[in-house]
Every structure is written in structure tokens, then in C-alpha cells.
Protein chains: 2
Amino acid sequence: SNRDKLIGGLLIPGFDEGSCLSRYQSSLYRRISTHRPSPYLISKLREYEALHRRCGPHTKPYDEAVEQLRSGSSVSLTECKYVVWMSYSGLGNKILTLASAFLYAVLTDRVLLVDPGKDMADLFCEPFPEKTWLLPNDFPLMDQFSNFNQKSPNCHGYMLKTNTLNESTEALPSYLYLHLVHDYDDHDKLFFCDQEQALLSRVPWLILKTDNYFVPSLFLIPSFEHELSNLFPQKDNVFHHLGRYLFHPSNHVWGLITRYYDAYLSSADELIGIQVRVFEIGSGPFEHIMDQILSCTLQEKILPGVDKEGFSSVSLERPRMKAVLMTSLSSGYYEKLRTLYWEYPTTTGEVIAVHQPSYEMYQQTEKKAHNRKAWAEMYLLSMSDLLVTSAWSTFGYVAQGLGGSKPWILYKAENMSTPNPACRRAMSMEPCFHAPPFYDCKAKKGIDTGVVVPHVRHCEDMSWGLKLVHHQDL
Amino acid sequence: SNRDKLIGGLLIPGFDEGSCLSRYQSSLYRRISTHRPSPYLISKLREYEALHRRCGPHTKPYDEAVEQLRSGSSVSLTECKYVVWMSYSGLGNKILTLASAFLYAVLTDRVLLVDPGKDMADLFCEPFPEKTWLLPNDFPLMDQFSNFNQKSPNCHGYMLKTNTLNESTEALPSYLYLHLVHDYDDHDKLFFCDQEQALLSRVPWLILKTDNYFVPSLFLIPSFEHELSNLFPQKDNVFHHLGRYLFHPSNHVWGLITRYYDAYLSSADELIGIQVRVFEIGSGPFEHIMDQILSCTLQEKILPGVDKEGFSSVSLERPRMKAVLMTSLSSGYYEKLRTLYWEYPTTTGEVIAVHQPSYEMYQQTEKKAHNRKAWAEMYLLSMSDLLVTSAWSTFGYVAQGLGGSKPWILYKAENMSTPNPACRRAMSMEPCFHAPPFYDCKAKKGIDTGVVVPHVRHCEDMSWGLKLVHHQDL
Ligand SMILES: Nc1nc2c(ncn2[C@@H]2O[C@H](COP(=O)(O)OP(=O)(O)O)[C@@H](O)[C@H]2O)c(=O)[nH]1
Ligand SMILES: Nc1nc2c(ncn2[C@@H]2O[C@H](COP(=O)(O)OP(=O)(O)O)[C@@H](O)[C@H]2O)c(=O)[nH]1
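The text that follows walks through the structure, step by step, so that each part is easy to find. (Residues numbered from 1 in each chain as written. Chains lettered and ligands numbered in written order. Predicted model: local features only at pLDDT ≥ 70, side-chain atom pairs only at ≥ 80, totals over all residues. Heavy atoms only, no water.)

1. Re the site of ligand 2
Residue and element names in this part refer to chain B. The environment of ligand 2 is made up of 17 residues, and the closest members are Gly 92, Arg 277, His 370, Ser 393 and Thr 394. Taking Ser 328, its main chain carries an N or O atom lying 3.0 Å from an oxygen atom of ligand 2. Contributions of two or more residues to the shell around ligand 2 are made by helix H5 (91–107), helix H15 (368–382) and helix H16 (394–403). Ranked by the residues each element gives to the shell around ligand 2, the list is headed by H15, at 4 residues. In terms of residue class, the shell around ligand 2 is made up of 4 nonpolar, 11 polar and 2 charged. (Near = heavy atom within 4 Å. Polar contact = N/O pair within 3.5 Å; in protein donor to acceptor, adjacent residues only side chain to side chain. Helix = DSSP H or I, 4+ residues; strand = E, 2+ residues; numbered from the N terminus. Nonpolar A, V, L, I, M, F, W, Y, C, P; charged D, E, K, R; others polar.)

What follows is the structure in C-alpha cells.
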């Protein structure tokens with residue numbers, strides 16, 4: 001039906017179908033989300049689309065704003081303001097930061113433009129109608145992106161530190177570089193204070209570099225609070241909706257997703273995703289990690305036990321079939337699990353098929369084929385009925401967020417031993433913000449930002465991280 | 001129906017089902033064979049079963065015959081005569097030689113007894129009712145098996161060579177060792193002459209060691225000719241029927257077979273088996289072998305081509321799904337094929353899933369778990385709708401024979417390059433006898449035994465080998 005095709009109204013009709021098959025076909029593969037976007041979010045997206053259409057690349061306002069950037073300081077306010085997202089870090093991180101940047105753009109009436117980097121165009125369709133979201137190649141600052149750092153003259157935090165940010169509009173620079181990378185310092189973190197937001201709102205170009213899902217801290221900025229609670233009354237589905245709105249796999253990647261699903265997963269009665277991301281040194285497979293996967297899935301009854309003494313018990317009826325989709329850089333865990341369920345029957349009589357699309361051995365952020373597979377695998381994981389993810393991994397956050405499910409999180413192993421318990425159910429499907437600020441902008445002192453409001457909590461997998469929860473769920 | 005359960009009458013009812021689930025369940029997994037056993041074969045099998053019941057281990061005749069063996073020379077003819085099959089060579093070879101030994105037993109009214117070796121009991125059910133086919137552990141010659149060779153005093157060929165075989169019944173030994181291993185010499189090969197068969201028929205115990213499917217040469221022995229054409233009027237399904245009659249996977253192995261089938265293969269519209277056995281030195285994967293697999297399967301339209309320029313073409317109807325079951329000691333070919341059909345769509349719109357149950361890296365004939373998997377994989381291959389096998393491999397012969405299909409044979413690669421053509425369709429489903437004799441027993445001179453009768457031909461994959469064909473098929 002039309003309602004699924006447009007994902008509960010998040011999408012609009014009218015895009016060319018052939019150039020982005022996934023946009024209107026995702027509903028053929030994914031169940032309808034039980035999480036409905038608010039009417040206000042939908043109207044805001046339509047407003048944003050209009051803004052993007054009016055101010056996007058090579059429109060008159062865009063050309064004027066670029067012109068002002070070329071000429072130097074910001075003499076007058078431009079008609080349109082922009083936030084430019086810099087391509088940075090692994091693919092999971094990128095997807096989360098791009099969603100964060102988009103939400104920030106919506107909250108601040110800015111146009112989001114995307115540094116195409118090596119492969120953004122290869123991985124994703126255009127999300128907005130008519131005008132591209134990709135930053136044109138002739139954008140003046142493009143060559144300097146790779147040099148931007150915490151001490152760049154136009155770095156917001158650095159200018160605050162060195163007291164060089166003059167508040168008079170005439171003296172404001174035409175662009176500021178926002179350094180929101182995990183190593184950012186207290187001055188960079190002042191981005192999350194209202195006072196700074198007021199100043200930033202007067203700068204036409206913000207160039208953002210981040211590897212963090214900073215949305216939870218936006219919920220702690222008073223000037224955004226009201227708008228955010230209108231947009232997301234449930235609070236725990238920000239990435240779920242924005243992710244489904246923004247990230248449509250390119251036709252190449254959609255081919256990987258649909259072919260894999262049709263060939264290996266479609267006939268299962270239940271699909272179980274297990275995302276294994278190991279941060280140990282050395283290549284593995286590690287026994288303590290394998291034990292952890294088994295301990296979690298058995299104890300939580302995600303997978304049935306095996307009967308090591310038992311024989312085949314062929315029944316005349318078709319047995320219930322669970323497919324396990326594993327993802328991991330190595331093949332070791334997949335092979336062990338697959339062999340286990342091949343060599344022994346389950347205690348429940350269920351048949352367990354174990355699959356893993358790729359085992360690329362190591363992270364190869366610069367290779368197109370590698371990143372296509374990574375994106376396809378995140379998407380495939382998001383199609384699971386039950387999901388097990390690894391602590392600390394943005395790869396898993398993307399899967400859970402797009403899928404709209406609360407995963408079981410495998411705790412991070414310490415000292416090469418299996419954590420006990422091995423995993424726990426997540427409080428919400430939201431990603432965790434790994435490097436949040438702990439600062440009270442009004443009181444100008446450190447505070448625990450994980451206890452300020454009920455819907456911003458510390459994460460299950462990282463005690464200092466912050467994540468959004470629907471607090472009635474707790 | 002009962003008719004399938006008993007495989008066209010090859011089997012009898014009444015066995016305990018639980019101790020050998022595969023015996024009566026194979027029809028749930030395999031299509032009914034289009035090749036019907038002759039009524040005469042069926043009646044002969046019933047006769048053999050009666051003989052085995054009467055003469056099998058620990059019956060009175062058996063004890064008497066063993067007693068005579070202990071006492072030395074054969075003073076009188078025993079009530080029952082035996083052929084003892086020695087456990088030797090790889091599993092594929094074993095299965096073929098065991099079938100050959102059984103046919104020889106049927107033709108010569110002998111009882112077949114099987115050296116259990118390391119794992120015959122672990123791999124196979126008992127094929128005969130009531131009495132085991134396994135040679136009891138206290139069989140007098142058991143300890144000497146490993147020392148039997150071409151120069152053993154009781155070796156048939158050696159006695160002929162040294163002129164020590166006295167034809168008077170009183171002087172005949174109570175046992176002879178038959179050395180039918182690939183390195184056998186002209187004297188050993190006299191086994192295939194009528195004159196020697198007459199002598200052998202008076203020896204109560206024949207101990208047989210072979211790694212060859214010697215059935216084709218039995219068809220060239222005049223005294224067996226008539227009986228064989230009554231048993232197998234079609235001539236090309238000897239192993240097909242005897243294999244299905246004899247080889248029932250043990251419950252352990254049946255578990256491996258059924259679980260794998262249910263989990264990975266059952267939902268496919270068509271099952272394509274590809275057995276890759278590489279005899280090159282070094283571990284591979286080799287590019288010329290991969291090219292050969294692709295060239296054969298594409299040219300013979302066993303698998304569809306891929307469209308390297310094309311995108312996903314998701315159709316609303318469920319696409320036709322072909323599952324490829326590969327077997328190989330290495331995982332390289334499987335991974336390449338799987339990746340190919342993941343990365344690109346097929347030109348036909350079909351979905352291709354590629355599976356390989358194990359990749360054990362090297363042959364491990366002594367390990368139980370290894371041999372169970374090898375047996376499970378031969379059986380799974382035999383369930384394919386279309387089968388591609390590797391030249392020279394008995395592993396493939398077993399699969400094609402049990403399956404009852406004429407495979408495409410991948411020619412043996414020479415000089416590390418891809419053969420052209422890459423493969424050809426087999427003339428029959430019969431295995432190839434790799435080391436046949438080239439001797440005319442009457443004329444006492446060498447001849448080409450591949451041109452004597454129309455139903456014994458040289459093999460497709462080995463120019464000097466012999467195989468049975470149904471000559472009206474040619
Ligand atoms: N194909 C594939 N790639 C992976 C997997 N795990 C990690 N990677 C690669 O490593 C990168 C990890 O970075 P990121 O996506 O940011 O996830 P994170 O490091 O787990 O937070 C991914 O983008 C992939 O390139 C996996 O399971 N499958
Ligand atoms: N599991 C498995 N084992 C294999 C495969 N190919 C060879 N082997 C092993 O190697 C042995 C080869 O000996 P055999 O079965 O006589 O076949 P042949 O050497 O190809 O004639 C098998 O019995 C297995 O132990 C394979 O595809 N799968």
C-alpha cells in the first residue's frame with residue numbers, strides 16, 4: 001500500500017524510481033515500523049525540503065552565500081545558512097553524524113550539505129527532492145577540509161579559547177569550523193550551550209567534523225527543547241525516523257541487500273541478527289568472545305540449545321527455521337556457530353541456518369566495494385526480528401536504529417574474558433553518544449548530564465555515554 | 001508411499017527404524033529414482049539376505065569356516081564361503097570397492113564381511129537383516145590385515161607368479177589374499193580370468209584389498225556375463241542400485257544430511273551440485289580451476305551469467321531460486337562463486353544461493369568427524385537436480401551414482417591451465433574403473449578391454465579407465 005511505500009509519511013512521492021530503487025521498495029523487505037513519526041516531524045521535513053529546494057547547490061541564494069564566503073568576513077546576513085557535514089570516520093559513525101547534522105540543520109533552519117568524500121554518492125541516494133545534498137566540487141573550502149583541526153583559525157572552540165571571536169555581526173567570520181570529534185576540548189564543547197548557539201546562528205557557514213551521535217545533548221539545550229519534544233514526543237526514535245528518511249541505499253547497495261535477502265534469508269520463519277564487533281588486539285577468533293555469543297543467545301533464549309548426545313529427529317512436518325545473520329570482520333565466530341548447529345540437533349527441533357555475507361578481515365574505509373558491503377550488512381541486520389549487537393559499535397547502532405528494535409548488547413569484554421552477564425537488553429533503540437559534554441552552561445560548572453532529564457540517560461554499553469530513552473519504557 | 005520408502009523394492013520392511021533413520025527416510029529427501037531395479041536383482045538380493053542370515057558372523061557355518069581358517073589348509077569345502085573386504089583408501093574409494101565386493105559376493109555365492117576399520121560402523125547402518133556385515137573383532141587374520149601386500153605368502157597373484165598355488169583341493173589354502181590395488185601386477189590381474197575364478201571358487205576365504213571400482217571388468221568375465229545381464233539389463237545402473245541398497249548413513253551422518261538440507265537447501269527451486277576435487281600440488285584456490293568451473297557452468301547453462309553493468313532488478317514476484325551446493329577441501333571456489341552472485345545480478349533474474357558445508361583443508365582419512373562430513377557431503381550432492389563433478393574423483397562418482405544422474409565432468413587440468421572444453425556430460429552415471437586389466441585371458445595377450453563389448457567403454461575422464469554404459473544412450 002502507498003502508506004508503507006512512503007514509510008508512514010516520512011517520504012514524499014514523485015522521485016524517479018529507477019535511479020533509487022530502494023526508496024520505494026524498502027517496504028517490500030522491511031516490516032512496517034511500529035513507531036509512527038509525529039505529524040509535526042512530517043511537516044518539518046516538508047518545510048526542510050522546501051528550504052533545500054530554495055537554497056540548495058547552484059541556486060541564487062547558494063551562489064550568494066558562496067560568494068560571501070570567498071570574499072571573507074560576513075558583512076551581511078545571507079538569505080540561506082548552511083551546515084556542511086565533513087566526511088569522517090567509519091561508515092557507522094558517518095551515518096550517525098549525518099543524522100545528527102541533519103537534525104541540527106532542521107533545528108537551526110540551515111541547509112545540510114554533504115562532503116561527498118570518497119563514496120557518499122556511491123552508497124546513498126539523494127534524500128531531498130530536486131536539489132542535491134552533495135556539496136559541489138567547486139566549493140571554496142573543499143581543499144582545506146583535510147587540514148581543519150582544533151587549532152584552525154576558524155575553529156569555533158579555538159577562537160573561544162584565544163578570545164578572538166568578536167560578537168559584533170560585522171566582525172563575525174563567514175564560516176566557522178565545528179570540531180566535535182571525540183578528542184574535542186572544553187571550548188569545543190561550548191557548542192552545546194545556548195549562548196554559543198545564539199552566536200552560531202549568525203554565521204552563514206558552519207563546517208562540521210564529528211564522529212559522534214550528538215543528538216542526546218541537543219535535547220539538553222534549552223532553546224531546542226520545545227521543538228525537539230514536538231518533533232519526537234516519544235524521544236527514543238529520533239535516529240529511527242531520521243535514518244529511514246535520509247539513508248536510502250544506492251542501487252548498487254540495494255542489489256547487495258535484496259540479492260542476499262532473497263538467496264539466503266527470505267525462507268526463514270524468523271531472522272536473528274548477530275553483529276560481532278571485536279575491539280581486542282589481534283585477529284581472533286577469540287574463545288571468550290565465542291563463549292559470550294553463545295552464553296547471551298542461549299540464556300536470553302534467542303537461539304535454542306543443542307543436544308550433543310542426540311541424533312537427528314526428522315519429523316514429517318516442515319520444521320521451524322531460524323536464520324542467523326552474522327556480521328563480523330572475521331569468519332571465525334560464524335563458522336563455529338554454523339558448525340555447532342550442523343553437527344548437533346537443537347533441543348527444540350528448530351532448524352538453525354547461519355549466514356555471514358562477508359568477512360573482510362580488517363576495516364578498509366577507503367574502498368568502495370568494502371563500504372558497500374558494510375552498508376548492505378547494516379541494512380540486512382536492520383531487517384532482523386531479533387538483534388544482538390556489540391557494545392561500543394556504531395555499526396550496530398545503525399542496524400538497531402533503522403530496524404527500530406531494542407537489541408541485546410554484548411558487553412565489552414575486559415581482560416580477554418567473557419563478561420557475566422554476557423549481554424543485556426537495550427533500554428531503547430537509540431544510538432549512544434560516546435563523548436558527551438559534562439557541563440552546566442548556566443552554572444558554568446561540571447555536572448552529570450546523564451541525570452538531568454529522564455529521557456537522557458547513560459548508555460548500557462558505555463557508562464559515560466548518553467542516550468535517549470522513552471522513559472515510560474523503563 | 002511404501003513403494004518409495006523401500007526404494008522400488010530394493011529394501012525390505014521390518015528393520016528397526018530408530019537405529020537407522022536414513023533407511024526408510026531417504027525417500028523423504030530424495031526424488032524417486034527413474035531407474036527401476038530388475039525383478040531379478042530384487043530376488044537375488046533376497047537370496048543374498050537369506051545367505052547372510054544363514055552364514056553371517058557367529059552362525060554355525062561361520063564358526064566352522066573360521067575354525068578351518070585357524071587350522072590351516074582347506075581340507076574340505078566349508079558350508080559357506082566368504083569375501084572379506086578390507087578397509088582401505090579414501091571414503092569415496094571405500095564405498096565403490098565395497099559395492100564391487102558385494103556384487104562379487106552375489107555372483108559367487110559368498111558372504112560379504114566388512115573390516116570395520118576406524119569408522120565403518122560410525123558411518124553406515126547395517127544393510128542386511130539380523131546378522132551384521134561387520135567382521136567380528138576376533139577374526140583370526142584381523143591383526144595381519146595391515147601387513148598384507150603383493151608379496152604375502154597367501155597373495156593370489158604372488159602364488160601364481162611363484163607357481164605355489166597347487167590346484168588340488170586338498171592343497172588349496174583356506175584363504176587367499178586378493179591384491180586389487182591400483183599398483184597390482186599382471187599376476188594379480190589374472191583375478192579377472194575365468195580360469196582363476198574357477199580356482200578361487202574353491203577357497204573358503206577371500207580377503208580383498210582394493211581401491212578400485214572393478215565392476216566393469218566383471219562384465220568381461222564370460223562366466224559372469226549371463227547373470228550380470230539378468231541382474232542389470234540396463235547395465236549403467238549397477239552402482240546406483242547396489243549403492244542405494246547398501247549404504248544407509250548412520251544416524252549421526254543422517255543428522256548432518258537432514259539438518260544441512262533443511263537449513264540451507266530445502267527452499268530452493270533447483271539444486272545444483274558442484275564437486276570440486278583438485279589434484280594440483282599446493283593449496284589453491286587456483287585461478288585456472290575457478291575459470292574452469294565458471295566456463296563449464298555457464299557454457300552448459302547450468303548457472304546463469306551475471307550482468308556486471310546491471311543493477312538490482314527487484315521484481316514483485318518471488319524470483320526463481322537456485323541453490324548451489326559446492327563441496328571442496330578448500331573454501332576458495334565457493335567464496336568466489338558466492339561473491340560473484342552476491343555482487344552482480346543474473347541475466348535471467350534468477351537468484352543464486354551458494355553453499356558449502358565444510359572446508360576441511362586436507363584429507364584426514366583417520367578422523368571420524370571428518371569422514372562423517374565427507375559422507376554427508378557425497379549424499380547431499382547426490383540429492384542435486386544437476387551435478388558437476390571433478391575428473392578422477394571417486395567422491396564424485398559416489399554422488400552421481402547414488403543420485404542416479406549423468407554429471408558434467410570437469411576435465412582434469414594439465415599444466416595449470418583451464419581445459420577447453422572445460423567439461424563434458426558423462427555417458428552414464430556409473431563410476432570409472434581406474435586401473436583395469438588389458439588382457440585377453442583366452443588368447444593370453446594384451447587387448448584393449450574398452451572395445452570388446454558395447455556396454456564397457458573407456459571413461460570420459462580417464463582414457464585408460466573402463467566404465468559401464470547403457471549403449472542405447474550413446
Ligand atoms: N562488512 C563489514 N564491515 C565491517 C564490520 N564491522 C566493521 N566493519 C568495517 O569497519 C568499519 C567500522 O566503523 P564503523 O562503521 O564506524 O563502526 P564501529 O567502529 O563499530 O563504530 C565499518 O564501516 C566497516 O568498514 C562487519 O561486520 N562487516
Ligand atoms: N568433506 C569433504 N572431504 C573431502 C572432499 N574432497 C575430498 N575430501 C576428503 O578426501 C577424501 C578423498 O578420498 P576419496 O573419497 O576416496 O575421493 P577421491 O580421492 O576424490 O577419489 C575424502 O574421503 C574426504 O576425506 C570434499 O569435498 N569434502
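Let us keep going from here.
2. Regarding the site of ligand 1
All names here are of chain A. Lining the immediate surroundings of ligand 1 are 17 residues, of which Gly 92, Asn 93, Arg 277, Ser 393 and Thr 394 lie closest. Here an oxygen atom of ligand 1 and a side-chain polar atom of Asn 93 are 2.6 Å apart. Within the side chain of Arg 277, a nitrogen or oxygen atom sits 2.6 Å from an oxygen atom of ligand 1. When ligand 1 sits alone it has 560 Å² of accessible area, and the protein chains cover 96% of it. Residue assignment for the shell around ligand 1 shows that the elements contributing at least two residues are helix H5 (91–107), helix H15 (368–382) and helix H16 (394–403). Among the residues making up the shell around ligand 1, the classes are represented as 4 nonpolar, 11 polar and 2 charged. (Areas by Shrake-Rupley, 256 points an atom, 1.4 Å probe, with all protein chains shown as cover.)

3. A short note on the pairing of strand E2 (residues 111–114) of chain A
Look at any regular strand and the pattern is simple: side chains alternate between the two faces of the sheet. Residues and elements named next belong to chain A. Across the two faces of E2 the burial is the same, with Val 111 and Leu 113 and Leu 112 and Val 114 all buried. Taken together, the 4 bridges between strand E1 (residues 82–85) and E2 define a ladder with parallel strand orientation. Bridged to Tyr 82 within E2 is Val 111. (Buried < 20%, exposed > 50% of the residue type's maximum accessible area, 1.4 Å probe, protein only. Pairing = 2+ DSSP bridges.)

4. So, the sheet that holds strand E6 (residues 321–327) of chain B
Strands pair in a sheet through their backbones, by hydrogen bonds, and they do so in one of two ways: parallel or antiparallel. Strand order in the open sheet formed by 6 strands is E7-E6-E5-E8-E9-E10 (chain B), with mixed pairing between adjacent strands. Of all the strands in the sheet, the pair left with one neighbour each is strand E7 (351–355) and strand E10 (423–425) of chain B. Going across the sheet, the axis of each strand differs from the next one's by a mean of 20 degrees, ignoring polarity. Relative to E6 of chain B, strand E5 (residues 270–275) of chain B runs parallel, the two sharing 6 bridges. Opposite Glu 270 of chain B, over in E6 of chain B, you have Lys 322 of chain B as the bridge partner. Across the sheet, helix H12 (residues 251–265) of chain A touches E6 and E7 of chain B, and the angle it forms with E7 of chain B is around 60 degrees. Strand contacts of H16 of chain B: E5, E6 and strand E8 (386–390) of chain B, with the helix running at about 160 degrees to E8 of chain B, the strand carrying the most contacts. (Axes fitted to C-alpha atoms, helices over the stretch in contact; angles between N-to-C directions. Contact = heavy atoms within 4.5 Å.)

5. Here's the deal with the interface of chain A and chain B
Taken together, the contact pairs 43 residues of chain A with 43 residues of chain B. Across the chain A to chain B interface the summed buried area is about 3,500 Å²; carbon plus sulfur atoms make up 59%. At the junction of chain A with chain B, the criterion picks out 2 salt bridges. Among the salt bridges present, the one from Glu 343 of chain B reaches Lys 373 of chain A, with a minimum N-O distance of 2.8 Å. The interface formed by chain A and chain B contains 19 residue pairs in polar contact (both at pLDDT 80 or more). Of all the elements in the fold, those that place two or more residues in the side of chain A that touches chain B are helix H2 (21–29), H12, helix H14 (332–343), strand E7 (351–355) and H15 of chain A. Ranked by residue count, the leading element in the side of chain A that touches chain B is H12 of chain A, at 11 residues. (Buried area = accessible area lost by both parts, 1.4 Å probe. Salt bridge = Lys/Arg side-chain N within 4 Å of Asp/Glu carboxyl O.)

6. Describing H12 of chain A
Between its first and last C-alpha atoms H12 of chain A spans 20 Å; for 15 residues at 1.5 Å apiece the expected length is 21 Å, and the two agree. Burial analysis of H12 of chain A places 14 of its 15 residues in the buried class, which makes it a mostly covered element. (Expected span 1.5 Å × (residues − 1).)

7. Describing the sheet that holds strand E1 (residues 81–85) of chain B
Residues and elements named next belong to chain B. Taken in spatial order, the 4 strands of this open sheet run E2-E1-E4-E3, and their pairing is parallel. What marks the edges here is a single partner per strand, and that holds for strand E2 (110–114) and strand E3 (175–180). Ignoring strand direction, the axes of neighbouring strands in this sheet form an average angle of 25 degrees. Strand direction decides the pairing type here: E1 and strand E4 (residues 205–210), joined by 4 bridges, are parallel. Looking at E4, one finds that Trp 85 is bridged to Leu 208. Where helix H4 (residues 60–71) meets the sheet, it contacts E1, E2, E3 and E4, and its direction lies at approximately 80 degrees from that of E4.

8. Things to note about the pattern of salt bridges
Oppositely charged side chains can form a pair if their charged atoms are brought close together. All chains considered together, the criterion is met by 36 salt bridges over all chains. Glu 64 of chain A serves as the salt-bridge partner of Lys 60 of chain A, at 3.3 Å between the closest nitrogen and oxygen. Here Lys 60 of chain A pairs with Glu 64 of chain A, and both are found in helix H4 (residues 60–71), just 4 residues apart, close to one helical turn. A salt bridge links Glu 79 of chain B to Arg 54 of chain B, with the nearest nitrogen and oxygen atoms 3.0 Å apart. One end of the pair, Glu 79 of chain B, is in the loop between H4 and E1; the other, Arg 54 of chain B, is in helix H3 (residues 39–55), and 25 residues separate them in sequence. Shared partners join several salt bridges into a network, and the residues in it are Glu 270, Arg 320, Lys 322 and Glu 350 of chain A.

9. Section: the relation of the copies chain A and chain B
Expressed as a screw transformation, the operator carrying chain A onto chain B has a rotation angle of 180 degrees and an axial translation of 0.0 Å, and the superposed copies differ by an RMSD of 0.0 Å. On the angle and the small slide along the axis, the relation comes out as a two-fold axis. Proximity to the rotation axis, assessed at the C-alpha, singles out Ser 267 of chain A in chain A; its C-alpha lies 3.3 Å from the axis. The share of interface residues of chain A whose copies in chain B are also at the interface is 100%, consistent with both copies meeting through the same surface. (Least-squares fit on C-alpha atoms with pLDDT ≥ 70 in both.)

10. Some remarks on unusual backbone geometry
Of the consecutive residues Asn 420 of chain A and Pro 421 of chain A, the connecting peptide bond is found in the cis state with omega at 0 degrees. Non-glycine residue Ile 7 of chain A carries a positive phi angle of around 45 degrees. Given a relative accessible area of 14%, Ile 7 of chain A falls into the buried group. For Met 416 of chain B, which is not a glycine, the phi torsion comes out positive at approximately 55 degrees. Here Met 416 of chain B lies in the loop between strand E9 (408–410) and E10. We classify Met 416 of chain B as partly exposed; its relative accessible area is 44%.

11. A closer look at the packing of H5 of chain B against helix H10 (residues 222–231) of chain B
When two helices pack together, their arrangement is given by the angle between their axes and by how far apart the axes lie. Residue and element names in this part refer to chain B. For the pair H5 and H10, interaxial distance at closest approach is 11 Å and the crossing angle is 110 degrees. Taken together, the axes of H5 and H10 lie roughly perpendicular to each other. The two elements H5 and H10 cross, and the hand of that crossing is right-handed. Residues Leu 103, Tyr 104 and Leu 107 of H5 form the contact with H10, whose participating residues are Phe 224, Glu 227, Leu 228 and Leu 231. For the contact of H5 with H10, the per-class residue count stands at 6 nonpolar, no polar and 1 charged. (Parallel < 35°, antiparallel > 145°, perpendicular 65-115°, else oblique. Left-handed = near helix turned anticlockwise from the far one by under 90°.)

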